[in-house]
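# Chain and residue survey
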Amino acid sequence: MNSKLILIAASSIVLVACTSAGSIKTGNDTLSAVVTRNLFGPDKIEATLNGKIYRGDWQVGPPSKEQTEGATYRHRRHMNTAKQTLKADDGATMECQWETHLYAADGVCVANGKEYSIALKR
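Described below are features of the structure shown in this document. The structure displayed is predicted, hence computed values, not measured ones.

## Some thoughts on the overall build of the protein chain
Scanning the protein chain from N- to C-terminus turns up three helices and nine strands. When the helices and strands of the protein chain are read in sequence order from the N terminus, they spell out α-β-β-β-β-β-α-α-β-β-β-β. Counting contacts in the protein chain only where the partners sit at least 6 residues apart, residues at least 24 apart contribute 33% of the total. Per element, the accessible surface of the protein chain, about 8,100 Å² overall, is 56% carbon and sulfur.

## Notes on the pairing of strand S8 (residues 104-111)
The side-chain alternation of S8 yields one buried face, formed by Ala105, Gly107, Cys109 and Ala111, and one unburied face, formed by Ala104, Asp106, Val108 and Val110. Here strand S7 (residues 93-101) runs beside S8; their pairing, made up of seven bridges, is antiparallel. Across the sheet, the residue bridging to His101 is Ala104, located in S8. Hairpin geometry of S7 and S8 is characterised by an intervening segment of two residues between the two adjacent antiparallel strands and by a positive phi of about 55 degrees at Leu102.

## Points about the side chain of Arg37
Locating Arg37 in the fold gives a position in the loop between strand S2 (29-36) and strand S3 (44-49). Within the buried core, Arg37 has no salt-bridge partner, and the shortest N-O distance to an opposite charge, that of Asp43, equals 4.5 Å. Look past the residues within four positions of Arg37 in its chain and what remains in contact with it is Cys18, Ser20, Asp43, Trp58, Leu102 and Tyr103.

## Quick look at the side chain of Asp29
Within the secondary structure, Asp29 is located in strand S2. At a separation of 2.8 Å, a polar atom in the side chain of Asp29 contacts the side chain of Asn50. Here the side chain of Asp29 touches Lys114 through a polar contact of 2.5 Å, side chain to side chain. Dropping the residues within four chain positions of it, Asp29 is found in contact with Ile24, Leu49, Asn50, Lys114 and Tyr116.

## Observations concerning a negative patch on the surface
On the surface, Glu66, Glu69, Glu99 and Asp106 cluster together into a patch of negative charge. Along the chain, the position of Glu99 falls in strand S7. Among the residues examined, Glu99 registers a relative accessible area of 40% and is labelled partly exposed.

## Quick look at the nonpolar core
With 21 residues, the main nonpolar core has Leu31, Met94 and Trp98 as its most contacted residues. When residues of this core are traced back to their parent elements, those giving at least two are S2, S3, strand S6 (79-88), S7, S8 and strand S9 (114-120). With sequence-adjacent residues up to four places away left out, Trp98 is seen in contact with Ile45, Trp58, Asn80, Thr81, Ala82, Gln84, Ala105, Asp106, Gly107, Cys109, Ile118 and Leu120.

About the thresholds
Here, residues in each chain are numbered from 1, in the same order as that chain's written sequence. Totals for whole chains, interfaces and linings use all residues, but because this is a predicted model, local features are given only for residues with pLDDT of at least 70 and pairs of side-chain atoms are given and counted only at 80 or more. As a rule here, side-chain values come from all non-hydrogen atoms in the structure, and water together with hydrogens is ignored. Counting from the N terminus, the helices are the DSSP runs of H or I reaching at least four residues and the strands are the DSSP runs of E reaching at least two. Two residues form a contact once any of their heavy atoms are found within 4.5 Å. Residue exposure ignores everything except the shown protein chains as possible cover, and the areas themselves are Shrake-Rupley values with a 1.4 Å probe. The buried label goes to any residue with under 20% of its type's maximum accessible area, the exposed label to any with over 50%, and the partly exposed label to all in between, with areas taken from a 1.4 Å probe on protein chains only. Two strands pair if DSSP finds at least two bridges between them. The charge count treats Lys and Arg as positive and Asp and Glu as negative. His and the chain ends do not count. We define a salt bridge as a side-chain nitrogen of Lys or Arg found within 4 Å of a carboxyl oxygen belonging to Asp or Glu. In protein, a polar contact means a hydrogen-donor-capable atom and an acceptor-capable atom, both N or O and within 3.5 Å, with residues adjacent in sequence counting only if both atoms are side-chain atoms; elsewhere, any N or O pair within 3.5 Å suffices. Only residues whose relative accessible area exceeds 30% and that form no salt bridge enter a patch; like-charged residues are grouped when within 9 Å of one another, and nonpolar side chains (Val, Leu, Ile, Met, Phe, Trp, Tyr) when within 5 Å. Charge positions come from single atoms, namely NZ of Lys, CZ of Arg, CG of Asp or CD of Glu. Joining through side-chain atoms within 4.5 Å is the link that ties buried Ala, Val, Leu, Ile, Met, Phe, Trp, Tyr and Cys residues into a set, and such a set is a nonpolar core.

Shown next, in the form of structure tokens:
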């Protein structure tokens, strides 16, 4: 019985540790985003802008030169960039670009011709 409880607790901790979230409110607009890292299958991102949900895969690439400038090798190993086109059920799109470090990400999303800055933290 104790081993099952320990396994459930450890699994819960792993699941919680694999999600990054962030939100902003500017004027009449509210944007929130959640990145879910999956052990099996692709990582996912879901962004909600004023109640409309945009979804896509979270794929990271190598960091930019500007991002790694002045960083030690230890930190550069954990830096990436990400660029996604998220889609809503009605076909609308949101373009997002991020600079990541471990589970944190700072980025900009553009939807309906308007730009939103958002930061994700674990």
